[in-house]
Amino acid sequence: MLSAQSLLQILADGKYHSGTDLGVRFGVSRAAIGKTIHKIEQNYGLSLFAVRGKGYRLQQALELLDENVIRQKLMEQTSEQLNQFEIFFDIDSTNRYLNNKSIEGASSGYLVLAEQQTKGIGRRGREWMSPFGSNLYLSLLWRFPYGAAQLGCLSLFIAVAIVRALQKAGVKDAGVKWPNDIYWKNKKLAGILLEMRGELSGPSAVVIGIGLNINMPASSIEANNIDQPWIDLQTILGQKVERNEFTAFVIDALFDVLNNIPDEQNKLLKVWQQMDILKEQNVDVIFADKKISGKALGINRDGALIVHHDGKDIVCHSGDVSIRPGLNDD
Ligand code: BTN
């Protein structure tokens, strides 16, 4: 049946497809194909060439996410634990969707990916820009027998998992920025959003949301709306990244870390500390009601950031941190 999705699956190869051939394939008129092409441009922000005598082609070929390909590339143990797996072409937010599923009682190990999010949720009320077919938008539901009180370091552990996946893809110098960002040379590469439900003492359900720039179209409206320096994986590696394969790396690394909490907690904290980009830097920390400036000293055992300010070591459990420009160059 003709739909924007089914047509896009054919056009994803980046080659020309004639309107007549496409019409025959879907059993519809050329006009119907033309209308659906228009829909693809409108809904997914993709650019298409239409050339008389040749047909339609995408400006750039796309590697669409494919459950079978991802599953084939997963480690056996991950695949067995992956309870449910859904890939959306288009969704408001994978986290919002999975939060609803979690309330309905969905089981641990439920994974959702999307090609595009129309209202991706970022931290601190920001929108996570999520253009079509280019990045990683992933949410995973995980249930813990214990509560939020014992999960203070979870976002740090998830960051370690992402860096491990990046290393497997060939990225050498990714860093972590407290509490849950992945950076490369002072540019943001990925963000983590954890949404927890349950009693403080447990059990709890966490929706782990990850947004990672794989191949952000630099001229897109979304890219222009990002209000901080950013980078994508393809630019770092200087070559095309296979999205399905890289997605499998991330899923494997996530399951590995999640299966090893709490046993490997101390080890994971040490790994995180080695990649801490704020350590010894002069920083500003913005809280809901105030701002402090001082030297970041690293994290404590609870995953809180310690900032030396006004002669005291301040323990920050939340806050928006930025490196103070100019003050750290020696
Ligand atoms: C941040 O602000 O740094 C966190 C961004 C988290 C974005 C991801 S994309 C997949 C998941 N779904 C959402 O709506 N948000 C998270």
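Quick notes on the rules
Residues numbered from 1 in each chain as written. Predicted model: local features only at pLDDT ≥ 70, side-chain atom pairs only at ≥ 80, totals over all residues. Heavy atoms only, no water. Buried < 20%, exposed > 50% of the residue type's maximum accessible area, 1.4 Å probe, protein only. Helix = DSSP H or I, 4+ residues; strand = E, 2+ residues; numbered from the N terminus. Pairing = 2+ DSSP bridges. Salt bridge = Lys/Arg side-chain N within 4 Å of Asp/Glu carboxyl O. Core = buried A, V, L, I, M, F, W, Y, C linked by side-chain atoms within 4.5 Å. Domains from an automatic or database assignment. Near = heavy atom within 4 Å. Polar contact = N/O pair within 3.5 Å; in protein donor to acceptor, adjacent residues only side chain to side chain. Areas by Shrake-Rupley, 256 points an atom, 1.4 Å probe, with all protein chains shown as cover.

Colleague: Quick rundown of the pairing of strand β6 (residues 174-177)? Include the residues and the values.
Modeller: Each regular strand displays side chains that alternate between the two surfaces of the sheet. Alternating residues of β6 divide into A174 and V176 and G175 and K177, and every residue in both groups is buried. With four bridges connecting them, β6 and strand β7 (residues 181-184) associate as antiparallel partners. Bridged to V176 within β7 is I182. Joining the antiparallel neighbours β6 and β7 is a turn of three residues.

Colleague: Go over the pattern of salt bridges with me, naming the residues and quoting the values.
Modeller: One pass over the structure, following the stated rule, counts 13 salt bridges. Its salt-bridge partner being D92, residue R96 comes within 3.2 Å of it at the nearest N-O pair. Among the residues examined, R96 registers a relative accessible area of 31% and is labelled partly exposed. Residue class for D92 comes out partly exposed when judged on its relative accessible area of 32%. With a closest N to O distance of 3.9 Å, K177 and D181 form a salt bridge.

Colleague: Quick rundown of the nonpolar core? Include the residues and the values.
Modeller: Formed by 70 residues in total, the largest nonpolar core has its most connected members in L138, L166, I182 and F246. If you count residues domain by domain, this core takes at least three from each of domain 2 (67-275) and domain 3 (282-323). With 21 residues, the next largest nonpolar core counts L8, A12, I40 and Y56 among its residues.

Colleague: Quick one: what's the story with the site of the ligand, residue by residue and with numbers?
Modeller: Lining the immediate surroundings of the ligand are 20 residues, of which S93, Q117, I121, R123 and K188 lie closest. Within the contact set of the ligand, a nitrogen atom lies 2.9 Å away from a side-chain nitrogen or oxygen of Q117. Note that an oxygen atom of the ligand is positioned 2.7 Å from one of the side-chain N or O atoms of K188. Contact with the protein chains hides 98% of the accessible area of the ligand, taken as 420 Å² for the molecule alone. Those elements that provide at least two residues to the shell around the ligand are α6 (94-103), β5 (136-144), β8 (187-198) and β9 (204-212).

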